[in-house]
Amino acid sequence: MDLEALPMSCLKNGEAEHNPYTQHRVLGSECECDSRRNRDLGSVGINISPCQGGNCGEERVSTAPISVRDRAEDMVANIKPDVKSKKARQQKKMTLEDMYNNQYDFDDEDDDSDWEPVQKPAAVVKWFCVNCTMVNLGDDSHCDICGEHKESGILKHGYFASPFLKEAGLSQNELEVKERYKDPCSQISESGKFTAVGFDERMLLHSEVEMKSHPHPERPDRLRAITASLATAGIFPGRCFPISAREITEEELHMVHSLEHIQSVELTSQLLASYFTPDTYANEHSARAARLAAGLCADLASEILSGHAKNGFALVRPPGHHAGIRQAMGFCLHNNAAVAALAAQGVGAKRVLIVDWDVHHGNGTQEIFDGSKTVLYVSLHRHEGGKFYPGTGAAHEVGSMGAEGYCVNVPWSRGGVGDNDYLFAFQHVVLPIASAFSPDFIIISAGFDAARGDPLGCCDVTPSGFAQMTHALNAISGGKLLVILEGGYNLRSISSSATAVIKVLLGESPGCEAENAVPSKSGLLTVMEVLKIQMKFWPTLEPVLLKLNLQWGTYALPNRKKLKKKRQRAGVPVWWQWGQKRWLYHLLSGDLHVRLKGV
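What you see is a predicted model; the values in this text were computed from it and never measured.

Asker: What is the right way to read the environment of Thr526 from this model?
Answerer: Inspection of the secondary structure puts Thr526 in helix α17 (residues 521-534). Remark: the alpha-carbon pair of Thr526 and Ser413, spanning 113 residues in sequence, is separated by 7.4 Å. Those residues in contact with Thr526, other than ones at most four positions away along the chain, are Val410, Pro411, Trp412 and Ser413.

Structure representation (structure tokens):
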């Protein structure tokens, strides 16, 4: 394959190439030369020689000694005669760097008691929050954004660890909370009655080689926090059954992606660092991690459809719903949900429903199944008129090539969307369409970046909200349900939300159900817009829309009187309002009678 044809910039083993998105360095070395490699040393008096302090094989940059000697001799010539010989002896040992840093005392006879050296500015302490990755300045021990302690134990105990205390064992109160989550019977039930979990530690090796100005949000700690939460609660290992991981085959991937895309991902295993897009990285372990993630999703689907497992949760990364037929993007390499859907159809599922509640639209999944009538894709996401990443997923995108109506998009028009809007959309759009479609198998693309506190999603869905949506879908298709992890970048939010979802898979109640969720005005308008479009393909939605018009019509319609008056006043010249013809202005604007009553 021609490497130049690939849409990515790469760093080969042992080579350093210029990359517009990253600063490359040689891996596997802790030599101090790494920290000096990008320092601007100017263009004069620079020598380059191999580093002798380590085994990295890098080049060391040093200043030329000639300029130092000349500078020293000039300084010696200007020293007073009575101290000249002493100064000369000192100058022979002095370097330019020493003089610049004022590290030597010249014992001048002049009184310099009133002289004060220039104070260096205090170094600003910068640290990144382990929970949300946001940057913090200063010595404060808690994140300014999420309040997490800079050394919290979230990677050791998950969200059970206190966000306000330094890493330590669980307190007595936290132990009591943890015990309430544990099932008294920790034994896995008989075959076909358990919840299967797919996880492999080799997926943790997928990471950005060198941090840029900020830690990458899609990082291995996402899985570490979830597994720590599940382990602390005794859920996994314990109440869930692990399945062994395998790498997906090229033939299986070729059913979803083009051969060129598969080969471009595989090529990254020969490279230390590469980028498909500025935010979609890969290292030498990424291709295997992506194959493992896809293989786990395919096998979980097969286990559930064959009756060996009740349901399942794919604890995988890299995520997948942005990966299309020919491209990797949005942190995603292979489309895990699409692989699982085709695997399910391969073992007997005739109709597969994919519900994507990631805060970003799954443009890759929509592209793959755009013309399919056997896979129904439903996505709830921020859209904001196409201004929110990736810009796709408008309500009028309904499918093509005879499969119109088999793509359903619920595009939120703003951020901050919470439980009520999501549950309202489920009750009036997702569940009616899902019931009419009658799927044999359901896949949830479970991105938890719509969760409260997520730095990318900026929405307000709680763990209870995710649990209730899972419970609603679990009642369809006989409970044959697979949840696949997608996004989510606040460790506390993602771990608590994933735990709540797995508890529902285990058969626990999601808590109080909001059967009559009251939406926001923007949420209501979005749902009604989707219903107007989709009822052409799903007649069961027409009475739903009629009911909403009767119940919420007045609430949804704008105040026409105010808009009319605003338009009238906007169309009249300002000087009419205050000039000699102001009576004509009031007559045209419709409030002349008010003026007359006041006369």
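Structure's up, so let's keep going.
Asker: Mind showing me how you'd approach the sheet that holds strand β10 (residues 311-314) here?
Answerer: Pairing between the strands of a sheet comes from backbone hydrogen bonds, and it takes one of two forms, parallel or antiparallel. Taken together, the eight strands give an open sheet; going across it, the order is β7-β6-β10-β15-β14-β11-β12-β13, and neighbouring strands pair in parallel fashion. The sheet is open, and its two edges are formed by β7 (241-243) and β13 (407-412), each paired on a single side. Going from strand to strand, the sheet's axes swing by 15° on average, the running direction of each strand aside. As judged from the three bridges shared by β10 and strand β15 (residues 481-485), these two strands associate in the parallel manner. Paired with Gly312 across the strands is Leu482, a residue of β15. Along the sheet, helix α15 (residues 463-474) makes contact with β10, β11 (352-356), β14 (441-446) and β15, crossing β14 at roughly 165°.

Asker: When you look at helix α14 (residues 419-437) in this model, what are you seeing that I'm missing?
Answerer: The largest bend in α14 is about 45°, located at Phe426. Counting buried residues in α14 gives 14 out of 19 residues, a clear majority hidden from the surface. Two residues or fewer past α14, Ser438 is found with a positive phi of approximately 55°.

Asker: How should the environment of Arg492 be read in this particular structure?
Answerer: Structurally, Arg492 can be placed in helix α16 (residues 491-505). Arg492 gets classed as buried once you look at its relative accessible area, which sits at 17%. Expressed as a C-alpha distance, the spacing of Arg492 and Leu155, which sit 337 residues apart in the sequence, is 9.6 Å. Non-local contacts of Arg492, meaning those with residues more than four positions away in its chain, are made with Asn131, Glu148, Ile154, Tyr159, Ala161, Ser162 and Pro163.

Asker: What's the story with the packing of helix α11 (residues 286-305) against helix α12 (residues 336-346) in this structure? I'm lost.
Answerer: Helices that pack against each other are described as a pair by the angle of their axes relative to one another and the distance between those axes. The geometry of α11 relative to α12 is characterised by a closest axis approach of 8 Å and an angle of 35° between their N-to-C directions. The crossing of α11 and α12 is right-handed. Facing Ala290, Ala293, Ala294, Cys297, Ala298, Ala301, Ser302 and Leu305 of α11, the residues of α12 in contact are Asn336, Val339, Ala340, Ala343 and Ala344. For the contact of α11 with α12, the residue count by class is 11 nonpolar, two polar and no charged.

Asker: Where do I start with unusual backbone geometry in this structure?
Answerer: Note: most residues except glycine have negative phi, and most peptide bonds are trans. Residue Phe236 is joined to Pro237 through a cis peptide bond whose omega torsion reads 0°. Here the bond from Tyr389 into Pro390 is cis, since omega is 0°, no more than 30 degrees from zero. With a phi close to 55°, Met401 is a non-glycine residue in the positive phi region. As for its placement among the helices and strands, Met401 is situated in the loop between β12 (375-382) and β13. One non-glycine residue with positive phi stands out, namely Ser477, at about 60°.

Asker: Can you walk me through a nonpolar patch on the surface in this structure?
Answerer: Together, Val124, Val135 and Leu137 make up a nonpolar patch on the protein surface, roughly 280 Å² of accessible area in all. Tracing the backbone shows Val124 in the loop between α4 (96-100) and β4 (126-128). The class for Val124 is exposed, based on a relative accessible area of 62%.

Cut-offs used in this document
- Residues numbered from 1 in each chain as written.
- Predicted model: local features only at pLDDT ≥ 70, side-chain atom pairs only at ≥ 80, totals over all residues.
- Heavy atoms only, no water.
- Helix = DSSP H or I, 4+ residues; strand = E, 2+ residues; numbered from the N terminus.
- Contact = heavy atoms within 4.5 Å.
- Pairing = 2+ DSSP bridges.
- Axes fitted to C-alpha atoms, helices over the stretch in contact; angles between N-to-C directions.
- Bend = angle between axes of the 7 residues up to and from the residue.
- Buried < 20%, exposed > 50% of the residue type's maximum accessible area, 1.4 Å probe, protein only.
- Left-handed = near helix turned anticlockwise from the far one by under 90°.
- Nonpolar A, V, L, I, M, F, W, Y, C, P; charged D, E, K, R; others polar.
- Patch = residues over 30% accessible without salt bridge, like charges linked within 9 Å, V, L, I, M, F, W, Y side chains within 5 Å.
- Areas by Shrake-Rupley, 256 points an atom, 1.4 Å probe, with all protein chains shown as cover.
- Salt bridge = Lys/Arg side-chain N within 4 Å of Asp/Glu carboxyl O.

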